[in-house]
Amino acid sequence: MEFFVQLLIDGLTLGGMYALIALGFTLVYGILLMINFAHAEMFMTGGFIGYGVLNLLGSESTIATVSDTLPFMSFLQSTQPFFTTTAVGFILMMLLTFGISAVLTGLLGITIERFAYRPLRNSPRLCALISALGMSLFLQNFVLLAVGHRMVFPTPEFLANLDAVPLFGAIRIAPIDLIIFITCLVLLFTLDRFVSKTKLGKAMRATSQDKDAAGLMGININSVIALTFFIGPALGAVAGTFFGLKYGVVTFNMGLFPGIKAFTAAVLGGIGNLRGAMLGGFLIGVLEALASGYISIAYRDVITFAILILILIFRPGGLLGESVVEKV
Amino acid sequence: MTNTKNTSNNTTAAYEDQAVKGKASSAEAIFGNIAKPMFSRGGNKSPLKTALTALLLVFLFALPIYLQGMGEALLLAALVGIGLYVILALGLNIVVGYAGMLDFGRMAFYAVGTYAAIILAIPLANLLGDSLEGLVFPLVMVAAGLIAAFVGWLLSLPVMRLRGDYLAIVTLGFGEIVRITIQNNPFGLTNGLLGLPDRGNVLASPPFFDWLRDNVYWALGNDFFFTMTRNVYWYYMVLIMLIVAIIVVRNQDNSRLGRSWAAMREDEVAASAMGVNVTKAKTWAFVLGAFWGGIAGACFGFFLGGISPEPFSFLNSVIVLAIVVIGGMGSIPGVLVGGVLIMGFPELVRWFAMNHLGQAGGDIQSMVANFRNLFLGLLMVVMMAVRTEGIIPMKPKFHKLFGKGKSDKGDHTDAVVGAAPKGGAGS
């Protein structure tokens, strides 16, 4: 029982991250009917940017190196103890890390849409898919050459000193897991409200229903698509930074597997359906955790991929989606 | 290279032609006119093209002599690698270029071929004994091709009704499933990350290797001709397999099956309305494409003399796809050029850096490969936006009914990948 609950907690944490990535897939698919293969790389880039910001704010050696070359940055030396040791500083540092990572990655997403996908908007679907694959290859190797293939993520001192939170019995939940889970829920809830209640959200829904008609109603399609390509990568970047914090390392090719799993989650929930992606993310996370606990760790990725293939073949509409009718 | 006379002057006639031949034996339907002599077909082939092809062949067959004279035996190993990837890309070209389905998991078939060949080789060698040892490799190679084709058939069963982009993701997942399964040593077959063959086992020499080494090498003397090393041997073996693959694949494209691929690629619904058996065409595309993956895999395993799961990563599947996409989907010369450019360029830079700049090999190699992949990604993006048809576009299969000019705007908007070249169908 305890083992099961522990696996469940792991799965929900993992599932929260998958849900954040899956939202990016499902948002883009809902509007452009395109699998944004490079979205997995947004997750990776977000992780690397988070790594950079966290080091810049919290690591003495990094700050020293940066201050040597850029003297105006030396004020970071005085703020470093505040960020790493006090609770307020820690929260502030986390907000800064996630905020900067999300905004920069979101801007990257907009840039990619502008230069790689917009010229292909009226081309066959598979051309856009190949272009996205190329973009993914480019980003991976760019990060590899510019930063490195594997970076050890710093753990903030304050976080390292926190004790695991006891739930009941012998079951404990690591503080980072708790942070991830709560943040994911907050973000998912906010996005859901944003899309269903605000005017911009309404524009997004209209665009996903019918691009041309939405354009005729006075919605600026290009800016709605740009917004979509900001939100998706921004959420992916949050997931990437969490990944780094939880597992302590970011690698240039870390996007591939979480990317495929998040895509599985998006399809499982019904691609194009926001709540479906959230549900799918948590389901896949829990399934993966249970599979690695009860079946085999070595085959856990195989199990997820097999689920993906089975859903695509037998229920391509997903759990919450409508059945997809191919029009001639 | 030009359209055969079988392809009639317009689409309707082509289909009528097909309908008349509807009762042809399935062997002919699948293998087309392979049996016909390869040089008699192209009645309207220009002499210049024939001469250039002959010149290229002479150059390729003479290359080892020159390279060995320069003491560049390592470049031969690199050329073997290029040749294997070109065979793989030719197989993928059937699926992506001819049939218009995206496959992100090509390495699955390469891996199946390699492992099948090596797993079968040792028991087969024991069975045949020393005197027939030379037969091991050809038998195992054909078996690997057939096993890979069987796996292709198995994969084709469930995915038949999938949409294009979902198919791509499913093949990706399949490729990773195969790689991870191999890593985990299922039933003790693959020896996991340690690879095959196990300690103490050595693969049988491929056919005539000893004979060629003893006769060609010793009879002609050390410096008269060239030394019969493993690399030279595999260079010729892969070159011959490549030529065979080109001839077979080209003839398949010109066969009835090839025409149904083209029709299916341009418009699946219209094709099936015209009587093309889409399911059958898709299945054969998978099976025949996988077959070449298996053949290349068997050569790869024997060339290396052993194998581990590392080379079968998703990245390499992407590189094979990039060869096809950048070279020109559906175009054999395009695939050849794409393969030589994409696989050859980093090898050349590495060789140059090692020999003329005095750099350490390993670092340079990985760095050049990373830069290559960086540009490859960029090139795929740019290519899709600017020149979808690749470096050397495929020849249009069907002539237009009226006129020879530019194709209408919107003519190919529904086409899947590799829409006909923009220049129109006036060849």
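For clarity, every value in this text was computed on a predicted model and none was experimentally measured.

1. Quick notes on the overall build of chain B
Point 1. Assigned secondary structure in chain B consists of 15 helices and 0 strands.
Point 2. Out of the 427 residues belonging to chain B, those deemed buried represent 43%.
Point 3. Counted over contacts in chain B with a minimum sequence separation of 6, partners at least 24 positions apart contribute 80%.

2. Some remarks on the overall build of chain A
Point 1. From N to C terminus, chain A includes 14 helices and 4 strands.
Point 2. By the compact-globule yardstick of 20 Å for 328 residues, chain A fits well, its C-alpha radius of gyration being 20 Å.
Point 3. Along the first, second and third principal axes, the C-alpha atoms of chain A reach 65 × 55 × 40 Å.
Point 4. Within chain A, the fraction of its 328 residues that count as buried is 50%.
Point 5. A sequence separation of at least 24 residues applies to 75% of the contacts in chain A between residues at least 6 apart.

3. A closer look at the environment of Val151 of chain B
Residue and element names in this part refer to chain B.
Point 1. Of note, Val151 is situated in helix α6 (residues 136-159).
Point 2. The buried category is assigned to Val151, around which 23 C-beta atoms lie within 10 Å.
Point 3. Here the alpha-carbon distance between Val151 and Phe286, two residues 135 residues apart in the chain, equals 9.2 Å.
Point 4. Apart from residues lying up to four places away in sequence, Val151 is in contact with Phe109, Val112 and Ala290.

4. So, the interface of chain A and chain B
Point 1. Across the boundary between the two partners, chain A contributes 36 residues, which contact 39 residues of chain B.
Point 2. Secondary-structure elements contributing two or more residues to the side of chain A that touches chain B are α6 (125-146), α12 (256-269) and α14 (300-314) of chain A.
Point 3. For the side of chain A that touches chain B, the element with the highest residue contribution is α6 of chain A, accounting for 15 residues.
Point 4. Within the side of chain A that touches chain B, the residues separate by chemical class into 30 nonpolar, 3 polar and 3 charged.

5. Comments concerning unusual backbone geometry
Point 1. A positive phi angle is found at Leu33 of chain A, which is not glycine, with a value near 55°.
Point 2. Mapped onto the fold, Leu33 of chain A is located in the loop between α1 (2-32) and α2 (39-58).
Point 3. Accessibility expressed as a C-beta count within 10 Å gives 14 for Leu33 of chain A, which makes it partly exposed.
Point 4. A positive phi is found at Asn185 of chain B, a non-glycine position, where the angle reads about 55°.
Point 5. Relative to the elements of secondary structure, Asn185 of chain B occurs in the loop between α7 (164-183) and α8 (209-220).

6. Digging into the packing of helix α3 (residues 60-69) of chain A against helix α4 (residues 75-85) of chain A
All names here are of chain A.
Point 1. It is the contact of α3 with α4, at a shortest axis distance of 9 Å, that shows an interaxial angle of 170°. Relative to α4, the element α3 lies roughly antiparallel. Residue-level contacts link Glu60, Ile63 and Ser67 of α3 to Leu76, Gln77 and Gln80 of α4.
Point 2. A class-by-class count of the residues in the contact of α3 with α4 yields 2 nonpolar, 3 polar and 1 charged.

7. Focus on the environment of Thr155 of chain A
Residues and elements named next belong to chain A.
Point 1. As for its position among the elements, Thr155 is in the loop between β1 (150-152) and α7 (157-161).
Point 2. Given 15 C-beta atoms within 10 Å, Thr155 falls into the partly exposed group.
Point 3. In this structure the C-alpha to C-alpha distance between Thr155 and Ala38, which are 117 residues apart in sequence, comes to 28 Å.
Point 4. When neighbours within four sequence positions are excluded, Thr155 is seen to be in contact with Ala160 and Gly248.

8. Some remarks on the pairing of strand β2 (residues 165-168) of chain A
All names here are of chain A.
Point 1. Note: β2 against strand β3 (residues 171-173), 3 bridges, orientation antiparallel. For Pro166, the partnering residue across the bridge sits in β3 and is Arg172.
Point 2. The loop that links β2 with its antiparallel partner β3 comprises 2 residues; one of these, Gly169, has a positive phi angle of about 60°.

9. Examining the nonpolar core
Point 1. Membership of the largest hydrophobic core comes to 216 residues, with the highest contact counts inside it found for Ala19 of chain A together with Ala285, Cys299 and Met380 of chain B.
Point 2. Element by element, the count of residues in this core is highest for helix α4 (residues 73-98) of chain B, at 17 residues.
Point 3. Setting aside its immediate chain neighbours within four residues, Ala19 of chain A contacts Cys184, Leu188, Ala265, Ala277, Met278, Gly281 and Phe282 of chain A.

10. A word on the confidence of the model for chain A
Point 1. Averaged over every residue, the pLDDT of chain A is 87; the share at 70 or more is 98%.
Point 2. Of all secondary-structure elements in chain A, the lowest mean pLDDT belongs to β2 of chain A, at 77, while helix α11 (residues 221-247) of chain A reaches the highest, 93.

11. A look at the environment of Ala40 of chain A
All names here are of chain A.
Point 1. Examined against the element boundaries, Ala40 turns out to sit in helix α2.
Point 2. Along the backbone, Ala40 and Phe25 are 15 residues apart, and their C-alpha atoms lie at a distance of 9.0 Å.
Point 3. Ignoring any residue separated from it by four or fewer positions in sequence, one finds Ala40 in contact with Ser136, Gly255, Leu256, Pro258 and Gly259.

12. Quick notes on helix α9 (residues 230-253) of chain B
Point 1. Helix length check: α9 of chain B (24 residues) gives 34 Å between terminal C-alpha atoms against 34 Å at 1.5 Å per residue, within 8%.
Point 2. Buried within α9 of chain B we find Asn231, Val232, Tyr233, Trp234, Tyr235, Met237, Val238, Leu242, Ala245, Val249, Gln252 and Asp253 of chain B.

13. A word on the packing of α2 of chain A against helix α5 (residues 87-117) of chain A
Residue and element names in this part refer to chain A.
Point 1. Here α2 crosses α5 at 140°, and the two axes come no closer than 8 Å. For the element pair α2 / α5, the angle class is oblique. Every pair of crossing elements has a handedness; the one defined by α2 and α5 is right-handed. Across the interface between the two elements, Met42, Thr45, Gly46, Ile49, Gly50, Val53, Leu54, Leu57 and Gly58 from α2 touch Met93, Leu96, Thr97, Ile100, Ser101, Leu104, Thr105, Leu108 and Gly109 from α5.

Thresholds applied
- Residues numbered from 1 in each chain as written.
- Chains lettered and ligands numbered in written order.
- Predicted model: local features only at pLDDT ≥ 70, side-chain atom pairs only at ≥ 80, totals over all residues.
- Helix = DSSP H or I, 4+ residues; strand = E, 2+ residues; numbered from the N terminus.
- Buried ≥ 20, exposed ≤ 12 C-beta atoms within 10 Å, placed from the backbone.
- Contact = placed C-beta atoms within 7 Å.
- Rg over C-alpha atoms; globule rule 2.2 N^0.38 Å.
- Nonpolar A, V, L, I, M, F, W, Y, C, P; charged D, E, K, R; others polar.
- Axes fitted to C-alpha atoms, helices over the stretch in contact; angles between N-to-C directions.
- Parallel < 35°, antiparallel > 145°, perpendicular 65-115°, else oblique.
- Pairing = 2+ DSSP bridges.
- Core = buried A, V, L, I, M, F, W, Y, C linked by C-beta atoms within 7 Å.
- pLDDT = per-residue confidence, 0-100.
- Expected span 1.5 Å × (residues − 1).
- Left-handed = near helix turned anticlockwise from the far one by under 90°.

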